[in-house]
Structures are given as C-alpha cells and as structure tokens.
Amino acid sequence: MDYELASPGVLCSLSTEELLTKIQEWGLDVTEAEAQRFRDNEVDGDTVDCGLTETMVAYLFQGSFKKQVKFNQFVSRMKESSVTLTLQTVSPEDWQPSTSSTSISNENTLRLPASFEIPRFPKNLQLKLDNKEPCHKNPRDRHTIIRVLYEAVAQYTMYPTNSEYVQAVKTLVMKYPFLKDREGNGYHTWHMSLRRKFKSERAPLVDSEAVRRCKEKFGSTRRGQPNKCQRTSQRNVCQGPCVQGEDLLSIDAHLKVLQCQYQRMQPDTMVVHNRMQQTFAWRQKEIADGMPVEDVLKKYPFLGMPTGLCNELGWIQPTTGNVSQRFREGLSCVAAKVIDLTRGKTPLYQLYLDAREEALTDDLPDLDTRAALLFLPYVFKEKLDLFVILGEVHPKTPYPTVQLLQEDWKPVFSRSAPNIVKLDGSEVCRTSCIFEGIISSFCLYFVFNLAYPKHLKNTLIFLQKYIVKIDEGEDQPLPITVTRQINLLY
C-alpha cells in the first residue's frame with residue numbers, strides 16, 4: 001500500500017536565485033541591493049529552512065518593517081507547502097528501527113502548533129501573575145517563567161526555529177501584557193532568555209552539517225580584524241554639516257574674535273555664543289577630517305569649558321535643550337532605584353552612606369543624583385575605574401575620562417570635587433564637581449564623533465536614550481543588558 005506524505009523539501013532545494021524568484025513571484029518587491037545581500041551571504045532555501053534570526057532578516061531588508069514581515073510570512077507559507085513522497089509498506093522482517101534517524105525525523109516533523117498556549121505556573125507564581133505583579137523584575141520568578149515556558153515548548157521540539165521562539169514569547173506577553181519589555185518589540189529579553197535555556201539544556205549540534213554551514217555563513221568574523229580607529233563616523237558627522245556663507249577669511253575673523261574674548265577676564269557670552277555658532281559647521285568638518293584634539297582645543301578654546309561642550313552638543317542635537325538640566329531631571333527619576341540596585345555591590349556604597357549622614361537635608365537630593373550617576377556602570381555590570389579615575393594616574397584609554405584631583409573617593413559625593421576631563425590623554429577642561437565632569441565627558445563623544453567603548457557602552461547608551469533623550473534614529477534594538485535594566489528601573 002502506498003501513502004502520500006508532506007515534506008519540507010521544496011524550500012531546501014532552492015538556490016539563491018530561485019529563492020529570489022520565488023519571493024518576487026509571491027509579491028515581495030526585492031531591490032537589487034537587497035538581492036545582492038542574499039548572494040553575498042549565500043542565503044538559499046536551505047539557509048532559510050534552518051531558520052534566520054530577526055537580526056539576519058533585518059539586515060537583508062534594511063529599513064523596511066513591511067518587507068521583513070512579508071518575508072517571514074513567505075517563509076511560513078513555503079514551509080507549509082508540500083511535495084508528494086511515495087512510501088511503501090515494509091514487512092516486519094525487513095524493518096530495522098534506527099534510533100538516530102527516528103529522533104531526527106521527529107525533530108523535523110513535530111513543530112510548535114499555531115494554537116500553542118501558555119501552561120499554568122506554580123501556584124505562588126500564578127497568583128502573582130493573576131494579580132498583575134511585575135514578576136519579571138524578580139530574578140527567581142523570571143527564571144521560573146522561563147523554565148515553565150521551556151518545558152512547554154520542549155514537548156514539541158528541542159530545536160525550535162526562530163519563529164517558534166517568537167511565537168512562544170509573544171503568546172506569553174499577550175496573555176500577561178505587564179510582562180512586556182519597556183523597550184523595543186516588548187519580548188526581546190524573553191526571546192533571548194528562552195534561547196539560552198534551550199542551549200544550556202541540549203547537547204550542541206556539532207555533527208549537524210546544516211548548523212555548520214550556518215555558522216560559516218553567519219558566524220562572527222571579528223577575530224583577527226584590526227580594531228577600528230577611535231574616531232569613527234557612527235553619527236554620520238563626517239558627511240558634514242553643510243558649510244555655507246563662510247570661507248577661510250570669515251572663519252579667521254571669527255577665530256580672532258574668539259581668541260580675543262578668551263583672553264578677557266569676563267568674556268562677552270553673547271559674542272562667544274554667536275561666533276561659536278557661526279563656526280560650528282566649519283569646526284565639525286575639521287573634526288570629521290581628523291584634526292587632533294589638541295589642535296581643536298587650541299583653535300577653539302571655548303570648547304575647553306563645560307558650557308562650551310554643552311552648547312556644542314546642543315547644536316549637534318538641536319532637540320537636546322539644556323543638557324545639565326536633562327541630566328538632573330532624568331537621574332532624579334531613577335536615582336532611588338539605581339542606589340537600591342547597587343546596594344552592597346560596590347565599595348563606594350558605604351562611602352555614599354557616610355556622606356549622606358554628614359550632609360544637610362537640603363543637599364540630599366543632589367547627593368543622591370551624584371551617587372546614581374556614579375553607580376550606573378555597576379547597574380550595567382561595567383567598569384567605573386576606566387571612566388572616573390582617582391588621583392594622579394595617567395588613564396590608559398583614548399576615550400573621555402574624569403580624573404579626580406583628590407586621593408579619596410568620599411568627597412566625590414559632595415558638591416566640591418575638582419577634576420580634570422581628558423580625551424586621548426589631553427586635558428580638555430576642569431570642573432568643580434563630578435556631575436559637571438561626567439556631563440562634559442559625555443558631550444565629548446558627540447563633539448568628537450566617538451564610538452562608545454565596550455567597557456562603558458551600555459551605561460552611555462542608557463544616558464543617551466533615557467536621561468538626555470537623544471534618539472539618532474538607529475534601527476538596531478538596544479542591547480539586551482540595557483533592556484533588562486530598563487525594565488527594573490522604570
């Protein structure tokens with residue numbers, strides 16, 4: 001007796017060009033640039049069948065959510081399509097079961113159903129969820145949710161596709177909307193946690209040829225690549241603000257006025273502001289062309305002042321407003337939670353408590369704000385000692401640093417904590433308190449068009465997005481570490 005069986009072989013057999021043709025026939029208009037990304041990364045039917053991540057799909061169809069969604073729909077339809085295989089009955093004498101082939105077959109055919117439902121959680125946790133308590137902020141409850149979700153999905157497959165991961169976590173946040181991430185698509189941290197849970201619970205697919213091919217195509221290629229120059233074009237400043245209405249003669253005239261004002265005991269702030277604004281586009285072009293920090297500060301001496309750096313950031317990002325005020329307002333909203341999250345996790349915490357006991361009542365809000373600013377790197381599990389340096393130690397980093405002039409951390413929490421802001425070993429400015437010093441160093445990343453360093457990237461992204469509220473329009477989602485902490489802080 002013969003039987004007909006559905007098989008996913010149609011998609012696997014497609015070459016890259018055949019896949020592009022199928023996509024266009026399905027109604028998705030693929031540009032030549034998008035098609036070239038398919039060819040460059042060897043994205044064929046077999047690759048798609050193994051499961052592209054959201055990041056991979058976003059790379060293939062950059063800047064178009066509509067195309068990304070339609071492509072995912074196309075893949076789902078193709079996986080549902082069938083070919084006819086003729087199976088013949090085999091006598092018991094000829095049939096010899098194979099454990100390995102059976103398990104592989106089960107993994108390929110048993111998938112997560114469209115009607116997948118979230119099971120009930122342990123009694124205590126289920127009660128919290130029914131009462132809409134923020135369980136995702138409690139690490140123990142969060143781990144329990146991931147464990148139960150893993151056990152539910154594992155009943156169908158130990159190797160879920162990306163779409164199945166998304167289906168499971170989407171079902172979770174749709175049933176319990178208060179568990180959504182505050183940032184991004186609402187389920188990114190759940191998605192990554194579930195993936196890691198499956199990875200830790202199963203043996204690696206080291207013998208799978210399909211997995212090996214995917215690793216070769218999409219694996220990290222950063223090893224062996226030289227480090228990028230610290231001066232980068234991440235904010236597209238090098239494409240230049242348009243320099244119009246100014247030439248060398250007019251710029252020289254502005255610079256003479258600025259130098260003259262800088263020599264005065266009390267410069268005319270209005271004149272300085274106007275001349276700095278008139279030379280802004282020219283100055284940004286010079287910085288983008290690689291002018292050394294020392295030369296920039298010598299030519300534009302008012303950049304060596306905290307107010308000058310804040311004004312420069314205001315021209316680079318016109319929606320920024322008063323940078324210092326935004327820092328104070330933004331940090332005051334999260335100061336209490338930042339301090340609570342770092343309790344006992346840093347030796348500075350006890351110094352903060354001592355400073356708080358000695359402070360006047362009216363000074364406590366500002367003291368808490370300064371403490372929160374210093375403790376933020378600990379919240380994101382990053383290093384403060386490469387950002388704020390104690391004493392006469394030469395920083396071993398080309399990035400902006402705040403060098404305290406005293407030999408003790410305790411005065412940092414007070415109003416007076418003299419410091420030097422440095423960039424690439426050069427002194428940029430001096431400030432009287434740690435708050436001004438950190439704000440000035442933050443501004444330097446924009447003024448000199450610097451990429452955030454790895455050891456402070458999450459902290460600086462948080463300051464940019466949530467404290468100063470600068471949105472540069474990037475399509476990339478926030479790092480998962482930042483998203484998790486945002487869920488705890490807000």
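For every chain, the first residue of the written sequence is number 1, and numbering continues from 1 along that sequence. Only residues with pLDDT of at least 70 are given local features in this predicted model, and only at 80 or more are side-chain atom pairs given and counted; all residues enter the totals for whole chains, interfaces and linings. Hydrogens and water are ignored here; the side-chain numbers use all heavy atoms of the structure.

As annotated in an unreviewed UniProt entry, the protein carries the name Sterile alpha motif domain containing 3 and is attributed to Oreochromis aureus.

Section: the overall build of the protein
The numbering of helices and of strands both runs from the N terminus, where a helix is a DSSP run of H or I of at least 4 residues and a strand a run of E of at least 2. When helices and strands are tallied, the protein shows 23 helices and 6 strands. The buried label applies to any residue whose accessible area, calculated with a 1.4 Å probe on protein chains only, is under 20% of its type's maximum; exposed applies above 50%, and partly exposed to all values in between. Across the 490 residues that make up the protein, the buried fraction comes to 42%. By definition, residues are in contact when any of their heavy atoms lie within 4.5 Å. Expressed as a percentage of contacts within the protein between residues at least 6 apart in sequence, the contacts between residues at least 24 apart total 66%. Values of accessible area rely on a 1.4 Å probe in the Shrake-Rupley scheme; residue burial ignores everything except the protein chains shown. When the accessible surface of the protein is totalled, it reaches about 27,500 Å², and 51% of it is carbon and sulfur.

A few points about unusual backbone geometry
Backbone geometry at Lys132 places phi at a positive 60°, although glycine is not the residue there. Looking at where Lys132 falls in the secondary structure, it is placed in the loop between α8 (123-130) and α9 (139-154). For Lys132, a relative accessible area of 62% puts it in the exposed group. The phi dihedral of Lys469 is positive, around 60°, even though this residue is not glycine.

Topic: the pairing of strand β4 (residues 401-404)
Side chains Thr401 and Gln403 project from β4 onto one buried face, and the interleaved Val402 and Leu404 project onto a second face that is buried too. At least two bridges found by DSSP between two strands is the condition for calling them paired. With 3 bridges joining them, strand β3 (residues 388-390) and β4 adopt parallel strand pairing. By the bridge assignment for β4, Leu390 is matched with Leu404. With 4 bridges joining them, β4 and strand β5 (residues 419-423) adopt antiparallel strand pairing. Note that in β5 the partner of Leu404 across the bridge is Asn419.

Points about the side chain of Glu286
Along the polypeptide, Glu286 turns up in helix α15 (residues 280-288). Every residue in contact with Glu286, bar those within four places of it in the chain, is listed here: Met291, Lys299 and Tyr300.

Re the nonpolar core
Buried together is how nonpolar side chains tend to be arranged in soluble globular proteins. By size, the foremost hydrophobic cluster in this structure holds 80 residues, and its most contacted members are Phe327, Leu374, Phe375, Val388, Phe413, Phe442 and Phe448. When residues in this core are grouped by element, the largest group, 10 residues, is from helix α21 (residues 434-447). Other than its neighbours up to four places away in sequence, Phe442 contacts Leu313, Phe327, Tyr452, Leu460, Leu463, Gln464 and Val468. Ranked by size, the runner-up nonpolar core spans 26 residues in total, among them Leu125, Val173, Leu179 and Phe198. Throughout, nonpolar core names a set of buried Ala, Val, Leu, Ile, Met, Phe, Trp, Tyr and Cys residues whose side chains join them through atoms within 4.5 Å.

Remarks on α8
Within α8 the residues assigned to the buried category are Leu125, Gln126 and Leu129. Burial along α8 is one-sided: seen end-on, the buried residues are contained in an arc of 100°. Set apart from the buried face of α8 by more than 90 degrees, the exposed residues are Lys123, Asn124 and Leu127. Packing partners of the buried residues in α8 comprise α9. The arc in question is traced by the directions running from the helix axis to the C-beta atoms.

What about the sheet that holds β5?
Read across the open sheet, the 4 strands follow the order β3-β4-β5-β6; overall the sheet is mixed. The sheet is open, and its two borders are formed by β3 and β6 (426-431), each paired with just one other strand. The average undirected angle you get between the axes of adjacent strands in this sheet is 30°. Every angle, taken between N-to-C directions, lies between 0 and 180 degrees, and every axis is a line fitted to C-alpha atoms, over only the stretch in contact when it is a helix.

Notes on the packing of helix α20 (residues 364-379) against α21
Look at α20 against α21: their axes get within 10 Å of each other, and the N-to-C directions meet at 40°. Judged on the interaxial angle alone, α21 and α20 are oblique. The chirality of how α20 crosses α21 is left-handed. For the pair formed by α20 and α21, the contact residues are Thr369, Arg370, Leu373 and Leu374 on the first element and Ile434, Phe435 and Ile438 on the second. Residues are grouped as follows: Ala, Val, Leu, Ile, Met, Phe, Trp, Tyr, Cys and Pro are nonpolar; Asp, Glu, Lys and Arg are charged; every other residue, Gly included, is polar. The residue makeup of the contact of α20 with α21, split by class, is 5 nonpolar, 1 polar and 1 charged. Any angle from 65 to 115 degrees is called roughly perpendicular, while one under 35 is roughly parallel, one over 145 is roughly antiparallel, and all others are oblique. The crossing is said to be left-handed when, going from far helix to near helix, the turn is anticlockwise and less than a right angle, and right-handed when the turn is clockwise.

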